[in-house]
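# Architecture and fold: a report
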Amino acid sequence: MDFKVRDLSLADQGELKIKWAENCMPVLLLLRDMYSESKPLSGIRVGAVLHVTKETAVLVSALKSAGAEVFLAASNPLSTQDDVAAALVKRGIHVYAWRGQTREEYYWCIRRVAESKPHVVIDDGADLHALIHDEYADLAEGIYGGTEETTTGVNRLRALESKGALKYPVIAVNDSYTKFLFDNRYGTGQSTIDGILRATNILLAGKVVVVAGYGWVGRGIAMRARGMGARRVIVTEVNPIRALEALYDGFDVMPMSKASEVGDVFITATGNIAVIRREHFEKMKNGAILANAGHFNVEIWIPDLEELAVEKKQILPSVVEYKLRDGRCLYLLAEGRLVNLASAEGHPSEVMDMSFANQFLAVKYVVENRGKLPVKVLRLPIELDEMVARLKLKAINVEIDSLTPQQQEYLQSWKHGT
Ligand code: ADE
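Since this is a predicted model, take the numbers as computed values, not measurements.

The next thing to look at is helix 16 (residues 382–395). With 14 residues, helix 16 should cover 20 Å at 1.5 Å per step; its first-to-last C-alpha distance of 20 Å lies within 8% of that length. For helix 16, the complete set of buried residues consists of Leu 384, Asp 385, Val 388 and Lys 392. Down the axis of helix 16, the sector holding all buried residues measures 110 degrees, keeping them to one side. Facing away from the buried side of helix 16 by more than 90 degrees, the exposed set consists of Glu 383, Arg 390 and Lys 394. Elements that come into contact with the buried residues of helix 16 comprise helix 2 (26–35), helix 8 (177–200) and helix 15 (349–368). Immediately beyond the C-terminal end of helix 16, within one or two residues, lies Asn 397, with a positive phi of roughly 60 degrees.

What follows is the structure, given as structure tokens:
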């Protein structure tokens with residue numbers, strides 16, 4: 001079996017971690033058990049580029065149980081859990097991933113996945129989709145469809161679609177309600193704070209936290225920063241509606257040019273480039289901490305920081321000190337990469353349960369509907385999205401009401417008025 005991981009002897013530790021994740025992933029386990037006999041994915045090669053974590057292990061194992069052969073590479077050079085990668089190899093998954101890859105190694109691994117000639121492509125950030133469209137276009141004919149996990153990846157795929165260049169249908173798993181409302185908000189919200197605290201061990205009480213971007217991720221981070229006792233949470237935005245929402249949710253709103261003067265901790269969550277740059281670094285207080293929660297390491301513009309710095313020092317495993325000419329020091333976490341995955345363990349298993357139940361169902365949907373789906377960026381059908389919510393509620397013993405016949409009739413009628 002072909003694979004490349006850091007150290008196979010870590011497999012036992014990885015296996016324990018995967019079992020721990022399984023405890024909190026009842027929906028995915030249910031789907032695994034539902035299809036482990038009928039094996040609807042028999043003969044299907046799945047090429048996946050995902051963060052190689054214990055939660056991803058539960059997903060790819062469920063896909064294998066359903067009959068698929070899975071090839072897996074990491075979606076970030078710093079997010080792989082090496083013990084989990086080793087355990088997955090022992091479980092019969094072709095893994096090409098280790099923590100601390102160079103850019104060349106990262107793409108070498110993704111190429112191994114592309115060259116496995118997948119029928120279904122699962123991606124997180126769209127690097128694999130982009131590579132296939134760019135350099136392996138001849139493979140597209142054999143691809144029934146793909147899925148995409150993140151907002152950033154879906155944006156890239158929509159750009160591809162709008163140019164008329166998309167070559168196979170892609171299910172935007174990110175756009176399922178049971179994904180973005182939970183994973184992006186509560187998952188990133190909690191794990192980003194977790195990553196910052198594990199990296200630095202700072203006290204949040206008394207701090208001014210600046211959150212750039214008030215999408216679902218930014219909302220989660222701002223909410224959790226407040227909950228952990230930050231003295232003040234400031235939101236920066238470019239979208240007037242989101243800015244207003246942030247204000248009415250109880251946060252201060254101002255441009256980064258002002259926030260940069262007062263913040264202690266800066267967290268980017270915009271999906272855009274150079275959100276914090278030279279003009280902001282120049283105004284920051286001594287000791288300011290810089291962390292990114294967006295998919296790529298472009299939100300904090302590191303080239304400017306490098307240019308401004310006269311000295312650079314690794315202070316802690318995830319903390320680099322940049323000393324500026326005037327003596328101020330700024331602290332960059334996790335090389336500006338996703339702090340929740342690079343300095344902590346990513347989203348908790350409970351939310352990945354729903355995200356990856358959507359992924360599992362999306363792969364099955366693509367296989368069952370091969371040749372029939374339009375070549376577009378699509379949503380998973382709402383019935384499947386709602387099914388995930390129902391299964392989750394059931395798994396955690398929460399009951400809800402259902403409409404009475406009278407209520408159903410009322411909602412469908414235009415006659416009931418004043
Ligand atoms: N993305 C964010 N958190 C994750 C996790 N725990 N596993 C896989 N992908 C993730």
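Don't stop here, the text continues.
A separate point is the site of the ligand. His 51, Thr 53, Glu 55, Thr 56, Leu 341, Glu 345, Gly 346, His 347, Met 352 and Phe 356 make up every residue found near the ligand. Contact distances for the ligand include 2.8 Å between a nitrogen atom and a backbone N or O atom of His 347. A total of 260 Å² of accessible area belongs to the ligand in isolation, and the protein chains cover 96% of it. Looking at the shell around the ligand, the elements with two or more residues in it are helix 3 (54–65) and helix 15.

Further remarks concern the nonpolar core. One finds Val 46, Leu 63, Leu 88 and Phe 360 to be the most contacted residues of the largest nonpolar core, which totals 53 residues. For Val 46, the residues in contact, after removing those within four places along its chain, are Leu 63, Ala 68, Glu 69, Val 70, Phe 71, Pro 118, Val 120, Ile 122 and Val 363. Counting residues in hydrophobic clusters, the runner-up holds 28 residues, among them Ile 196, Ala 230, Val 235 and Ile 289.

Along the chain, the position of Thr 200 falls in helix 8. For Thr 200, a relative accessible area of 17% gives the class buried.

Successive residues of a regular strand alternate their side chains across the two faces of the sheet. Where strand 13 (residues 309–316) and strand 14 (residues 319–324) come together, six bridges link them in antiparallel fashion. Bridge pairing in strand 14 places Lys 312 opposite Tyr 322. As consecutive antiparallel partners, strand 13 and strand 14 are separated by two residues.

Glancing now at the environment of Glu 335. Tracing the sequence through the fold places Glu 335 in the loop between strand 15 (329–333) and helix 14 (339–342). What makes Glu 335 partly exposed here is its relative accessible area of 48%. Taking the C-alpha atoms as reference points, Glu 335 and Gly 213, separated by 122 residues in sequence, lie 20 Å from one another. In this structure, Glu 335 is in contact with Leu 78, Asn 297 and Ile 302, ignoring residues within four places of it in sequence.

Positive phi, normally seen in glycine, also occurs at Lys 117, with a value near 55 degrees. One can find Lys 117 in the loop between helix 5 (103–114) and strand 5 (120–123). Although it is not a glycine, Ala 334 adopts a positive phi angle of roughly 50 degrees. Mapped onto the elements, Ala 334 comes out in the loop between strand 15 and helix 14. Residue class for Ala 334 comes out buried when judged on its relative accessible area of 6%.

What counts and what doesn't
Residues numbered from 1 in each chain as written. Predicted model: local features only at pLDDT ≥ 70, side-chain atom pairs only at ≥ 80, totals over all residues. Heavy atoms only, no water. Helix = DSSP H or I, 4+ residues; strand = E, 2+ residues; numbered from the N terminus. Expected span 1.5 Å × (residues − 1). Buried < 20%, exposed > 50% of the residue type's maximum accessible area, 1.4 Å probe, protein only. Arc of directions from axis to C-beta. Contact = heavy atoms within 4.5 Å. Near = heavy atom within 4 Å. Polar contact = N/O pair within 3.5 Å; in protein donor to acceptor, adjacent residues only side chain to side chain. Areas by Shrake-Rupley, 256 points an atom, 1.4 Å probe, with all protein chains shown as cover. Core = buried A, V, L, I, M, F, W, Y, C linked by side-chain atoms within 4.5 Å. Pairing = 2+ DSSP bridges.

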